[in-house]
Amino acid sequence: MKPIRPEDSLITYPCDFPIKVMGRAHDDFARAMAEVARGFDPAFDPDTIEIRPSSSGNYLGLTLTVRVVSREQLDDLYRALHGHAMVSVVL
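Residues numbered from 1 in each chain as written. Predicted model: local features only at pLDDT ≥ 70, side-chain atom pairs only at ≥ 80, totals over all residues. Heavy atoms only, no water.

A.B. asks: Describe the overall build of the protein chain, with residues and values.
C.D. replies: A count of helical and extended segments in the protein chain gives 2 helices and 4 strands. When the helices and strands of the protein chain are listed from N to C terminus, the series reads β-α-β-β-α-β. At 14 Å, the protein chain has a C-alpha radius of gyration in line with the 12 Å of a compact globule built from 91 residues. Over its C-alpha atoms, taken along the principal directions, the protein chain stretches across nearly 45 × 25 × 20 Å. By residue count, 33% of the 91 residues in the protein chain fall in the buried class. In the protein chain, once contacts between residues fewer than 6 apart in sequence are set aside, the share between residues at least 24 apart is 70%. Averaging the locations of the 10 positively and 13 negatively charged side chains of the protein chain gives two centres separated by 6 Å. (Helix = DSSP H or I, 4+ residues; strand = E, 2+ residues; numbered from the N terminus. Rg over C-alpha atoms; globule rule 2.2 N^0.38 Å. Buried < 20%, exposed > 50% of the residue type's maximum accessible area, 1.4 Å probe, protein only. Contact = heavy atoms within 4.5 Å. Lys, Arg positive; Asp, Glu negative; His and termini not counted. Charge placed at Lys NZ, Arg CZ, Asp CG, Glu CD.)

A.B. asks: Give a detailed account of unusual backbone geometry, specifying residues and quantitative values.
C.D. replies: Omega for the bond connecting Tyr13 with Pro14 falls within 30 degrees of zero, at -5°, which places this linkage in the cis form. Assignment of secondary structure puts Pro14 in the segment before strand S1 (15–24).

A.B. asks: Please provide a residue-by-residue account of the sheet that holds strand S4 (residues 89–90), values included.
C.D. replies: Judged by pairing direction, the sheet is antiparallel, and its 4 strands sit side by side in the order S2-S3-S1-S4 without closing on themselves. Every other strand in the sheet has two partners, leaving strand S2 (50–53) and S4 as the edge strands with one partner each. The pairing of S1 with strand S3 (residues 59–68) spans 10 bridges and is classified as antiparallel. Looking across to S3, one finds that Arg24 is bridged to Tyr59. The strands touched by helix H1 (residues 29–40) within the sheet are S1, S2 and S3, with S3 carrying the most contacts at an inclination of about 20°. (Pairing = 2+ DSSP bridges. Axes fitted to C-alpha atoms, helices over the stretch in contact; angles between N-to-C directions.)

A.B. asks: Tell me what's going on with the pairing of S3, and back it up with residues and numbers.
C.D. replies: The element S3 is extensively covered by neighbouring structure, given that 7 of its 10 residues are classed as buried. Bridging between S2 and S3 involves 4 bridges; their strand directions are antiparallel. Residue pairing for S3: Arg52 is matched across the bridge by Gly61. Where S2 folds back onto S3 in an antiparallel hairpin, the turn is made up of 5 residues, including Gly57, whose phi is positive at roughly 80°.

A.B. asks: Lay out H1 in plain terms, naming residues and giving numbers.
C.D. replies: Owing to its 3.6 residues per turn, the α-helix aligns residues three or four sequence positions apart on the same side. Here H1 contains 12 residues, and its C-alpha end-to-end distance of 18 Å stays within 8% of the 16 Å for a straight helix at 1.5 Å per residue. Those residues of H1 hidden inside the fold are in contact with S1, S2, S3 and helix H2 (71–82). (Expected span 1.5 Å × (residues − 1).)

A.B. asks: I'd love a proper account of the packing of aromatic side chains, names of residues and values included.
C.D. replies: All chains considered together, the criterion is met by 0 aromatic pairs. Above the ring of Tyr59, the side-chain terminus of Arg24 is found at 5.0 Å from the ring centroid. (Phe/Tyr/Trp six-rings, centres within 6.5 Å; stacked < 30°, edge-to-face > 60°. Lys NZ or Arg CZ within 6 Å of the ring centre and 35° of its normal.)

A.B. asks: Just give me the short version of the packing of H1 against H2, but keep the residues and values in it.
C.D. replies: It is at 10 Å that the axes of H1 and H2 come closest, and there the two elements cross at 155°. In terms of axis orientation, H1 runs roughly antiparallel to H2. Note on packing geometry: the crossing formed by H1 with H2 is right-handed. Only Gln73, Asp76, Leu77, Ala80 and Leu81 of H2 make contact with H1, whose side of the interface consists of Met33, Val36, Ala37 and Phe40. Looking at the contact of H1 with H2, its residues break down into 7 nonpolar, 1 polar and 1 charged. (Parallel < 35°, antiparallel > 145°, perpendicular 65-115°, else oblique. Left-handed = near helix turned anticlockwise from the far one by under 90°. Nonpolar A, V, L, I, M, F, W, Y, C, P; charged D, E, K, R; others polar.)

Have a look at this one:
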């Protein structure tokens, strides 16, 4: 993948960036996602996670707002979330 130059990015770093994560409803889903987020943003506050259950209650949608300082950090965070066994979708 060709690197994006900072002047070509639509995102200005550092910034608070919302990431939407979806997975099967599980008591530990939000906690597990908070642990992943803390690996990239040590100051991440799990109390800021927005949680929305699906209409059937089988899935949870989470919004994690993470402080990111670079495109590389954001890409690595997306990869870590996407690769987690509890995650179905990352937006």
